[in-house]
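Per-entry structural report
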Amino acid sequence: MAASKSRVVDIHTHMYPPSYIKILESRSTIPLVRSFPQAPDPRLILLEAEVKSLEEATNNPEAKLPGRPLTSHFASLAQKVHFMDTHSIDISVISLANPWLDFLSASESGKMGESVNEEFSRMCSEHPGRLFFFATLPLTAPLETVLASVSHVQGLKYCRGIILGTSGLGKGLDDPALLPIFEAVAAARLTVFLHPHYGLPNEVWGPRASAEYGHVLPLALGFPMETTIAVARMYLSGVFDKVRDLRMILAHSGGTLPFLAGRIESCIMHDGQLVKEGKAGKGRRTIWEVLKEQLYLDAVIYSEVGLKAAIDASGADRLMFGTDHPFFPPLETDEQGEWESVSLNADAVAKAVGEGSKEATAVMGGNAISILRLDQY
Ligand code: 5CU
């Protein structure tokens, strides 16, 4: 299928299929879904930073509600398509939201992964050419199950990659045990969409955060730092050199990587241990080079200042628009209408590269169409 008109593609847009919500409803520790008598919608409670308010609301019906409302935006395909139509989004590359299958046991995750990926595949097939997806891997299962899952999703017509958290097999993404998985994903031409969930330890936010600061610190700072740390660890361990065909999209414009890449480089050059071990010398591919050769960034950073840093670090040809739907709904206007979180990101693109420019067309959709082969299905 060929098309000449410029199209808008949302590569950062999540769903929880109904079978996954059922599991969350059956749980008593995070992640979970729970109903409270004082609210019409059940609450979706995901983050470590929400545990304290969960306990308080469980014990006191007057306490503020934990988590976020689980509206139809999280699980309904019709709602996703309505959201796309409302915001003139032509194509969405949907993915399971955090924390994916991370909390399932080794014996549960393989089967659940298969069923979630089939469910995403089925949803995409209901809207051919409008929906594609990033699959999820059962990383708590044995290696052969994970590799079988890579082969399975490679064969699904609308699958274009894998959504991946930062915990890997439990030891982070610099774990050598992950290499066969990265190699299999790269060989299958599946792009990794790296997304945070765990943030930073709660103590970092201080004693006032839970009662007074809402979700701001873990989401605005914890998520981006988590991504930055995960990629820096991968870089330092040599994953990108070992798996040269690995391609990763970093959520939230790379966390703080574009801003901190120079500091990472300087710390490497001035590190006595790394210099002595020959890890800092000539021939080393810098993090700047990896940013331009193996990494892509989404454009979910909500201002042209962050977006310009992302463009400077990675290139306007490596940036892809996203919305983070169904997170960040409007709080004071109709959820069925336009979302300010979407227009903030679209406006940032226009301001950073010029409204209607060739670069804006690329960031808003053209890049995703060519990088993720969205015209081939
Ligand atoms: O609001 C949130 O907690 C989140 C989340 O959990 N995951 C995400 O992708 N965006 C926002």
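Residues numbered from 1 in each chain as written. Predicted model: local features only at pLDDT ≥ 70, side-chain atom pairs only at ≥ 80, totals over all residues. Heavy atoms only, no water.

**Focus on the sheet that holds strand S4 (residues 68-69)**
- In spatial order, the strands read S2-S3-S4; together these three strands make up an open sheet with antiparallel pairing. The open sheet has two free edges, formed respectively by strand S2 (32-34) and S4, since each of these has just one partner strand. (Pairing = 2+ DSSP bridges. Helix = DSSP H or I, 4+ residues; strand = E, 2+ residues; numbered from the N terminus.)

**Here's the deal with helix H14 (residues 340-353)**
- In this model H14 runs 20 Å from its N-terminal to its C-terminal C-alpha over 14 residues, within 8% of the 20 Å that 1.5 Å per residue would give.
- Residues of H14 that are buried in the fold lie against helix H3 (77-86), helix H13 (304-314) and helix H15 (358-371).
- Downstream of H14 by one or two residues, Gly354 has phi in the positive range, about 100°. (Expected span 1.5 Å × (residues − 1). Contact = heavy atoms within 4.5 Å.)

**Brief notes about the nonpolar core**
- Judged by nonpolar contacts, the single largest core of 109 residues is most densely connected at Tyr16 and Leu246.
- Judged by nonpolar contacts, the second largest core, of five residues, contains Leu32, Phe36, Leu54 and Ala57. (Core = buried A, V, L, I, M, F, W, Y, C linked by side-chain atoms within 4.5 Å. Buried < 20%, exposed > 50% of the residue type's maximum accessible area, 1.4 Å probe, protein only.)

**A short note on the side chain of His14**
- Within the secondary structure layout, His14 lies in strand S1 (residues 9-15).
- With a relative accessible area of 0%, His14 lands in the buried category.
- Separated by 3.5 Å, the side chains of His14 and Asp324 make a polar contact.
- With residues up to four places along the chain from it excluded, the contact list for His14 reads Lys80, Ser95, Leu96, Ala97, Ile163, Phe193, His195, Asp324, His325, Pro326 and Phe327. (Polar contact = N/O pair within 3.5 Å; in protein donor to acceptor, adjacent residues only side chain to side chain.)

**Here we look at the packing of aromatic side chains**
- What the rule picks out here adds up to 11 aromatic pairs.
- Ring geometry for Tyr16 and Phe74: centres 6.0 Å apart, planes at 15°, overall stacked. Taken together, the positions of Tyr16 in the loop between S1 and helix H1 (18-25) and Phe74 in the loop between S4 and H3 put the pair 58 residues apart, joining distant regions of the chain. Of the two residues examined, Tyr16 and Phe74, each falls in the buried class.
- When the ring of Phe134 is compared with that of Phe193, the centres are 5.4 Å apart and the planes differ by 40°; the resulting orientation is tilted. Of this pair, Phe134 sits in strand S6 (residues 131-136) while Phe193 sits in strand S8 (residues 191-194), and the two are 59 residues apart along the sequence. (Phe/Tyr/Trp six-rings, centres within 6.5 Å; stacked < 30°, edge-to-face > 60°.)

**Describing the site of the ligand**
- Every residue close to the ligand is listed here: His14, Leu46, Leu47, Arg68, Asn98, His195, Leu219, Phe223, Asp324, Phe327 and Phe328.
- His14 is positioned with one of its side-chain polar atoms (N or O) 3.4 Å from an oxygen atom of the ligand.
- At 3.0 Å from an oxygen atom of the ligand is found a side-chain nitrogen or oxygen belonging to His195.
- Summarising the interface, the protein chains cover 97% of the accessible area of the ligand, which totals 280 Å² for the free molecule.
- Classifying every residue of the shell around the ligand gives six nonpolar, three polar and two charged. (Near = heavy atom within 4 Å. Areas by Shrake-Rupley, 256 points an atom, 1.4 Å probe, with all protein chains shown as cover. Nonpolar A, V, L, I, M, F, W, Y, C, P; charged D, E, K, R; others polar.)

**Some details on the packing of H14 against H15**
- Contact geometry for H14 and H15: axes closest at 9 Å, N-to-C directions at 150°. It follows that H14 is roughly antiparallel to H15 by the angle criterion. Read as a crossing pair, H14 and H15 show a hand that is right-handed. Residues Ala346, Val349 and Val353 of H14 pack against Glu359, Ala360, Val363 and Met364 of H15.
- Residue classes in the contact of H14 with H15 are distributed as six nonpolar, no polar and one charged. (Axes fitted to C-alpha atoms, helices over the stretch in contact; angles between N-to-C directions. Parallel < 35°, antiparallel > 145°, perpendicular 65-115°, else oblique. Left-handed = near helix turned anticlockwise from the far one by under 90°.)

**A short note on H3**
- Among all positions in H3, only Leu77, Gln79, Lys80, Val81, Phe83 and Met84 are buried.
- Looking at the buried residues of H3, the elements they touch are S1, strand S5 (91-96), helix H4 (106-125), S6 and H14.
- A positive backbone phi angle near 55° is found at Ser88, which sits one or two residues after H3.

**Considering the pairing of S5**
- Burial analysis of S5 places six of its six residues in the buried class, which makes it a mostly covered element.
- Taking every second residue as pointing to the same face, both faces of S5 are buried, with Ile91, Val93 and Ser95 on one and Ser92, Ile94 and Leu96 on the other.
- Here S1 pairs with S5 via five bridges, running parallel. Within S5, the residue paired with Asp10 across the bridge is Ser92.
- Here S5 runs beside S6; their pairing, made up of four bridges, is parallel. By the bridge assignment, Ser92 is partnered in S6 with Leu131.
- The β-α-β motif built from S5, the intervening H4 and the parallel element S6 has right-handed crossover chirality. (Right-handed = clockwise from strand over helix to strand, strands pointing away.)

**A word on the packing of helix H5 (residues 143-154) against helix H6 (residues 179-187)**
- Look at H5 against H6: their axes get within 10 Å of each other, and the N-to-C directions meet at 10°. Regarding the angle of H5 to H6, the classification is roughly parallel. Where H5 abuts H6, its residues Leu143, Val146, Leu147 and Val150 lie against Pro180, Ile181, Ala184 and Val185.
- Residue composition of the contact of H5 with H6, by class: eight nonpolar, no polar and no charged.

**A few points about the state of the cysteines**
- Following the criterion strictly, the structure yields zero disulfides and no others.
- With no disulfide of its own, Cys159 has Cys124 as its nearest cysteine by sulfur position, at a separation of 8.7 Å.
- Overall, Cys159 belongs to the buried group, its relative accessible area being 5%. (Disulfide = S-S within 2.5 Å.)

**A closer look at the environment of Gly161**
- Structurally, the position occupied by Gly161 is in strand S7 (residues 159-164).
- Separated by 87 residues in sequence, Gly161 and Met248 place their C-alpha atoms 9.2 Å apart.
- When residues no more than four places from it in sequence are discounted, the contact partners of Gly161 are Phe133, Phe134, Ala135, Leu190 and Thr191.

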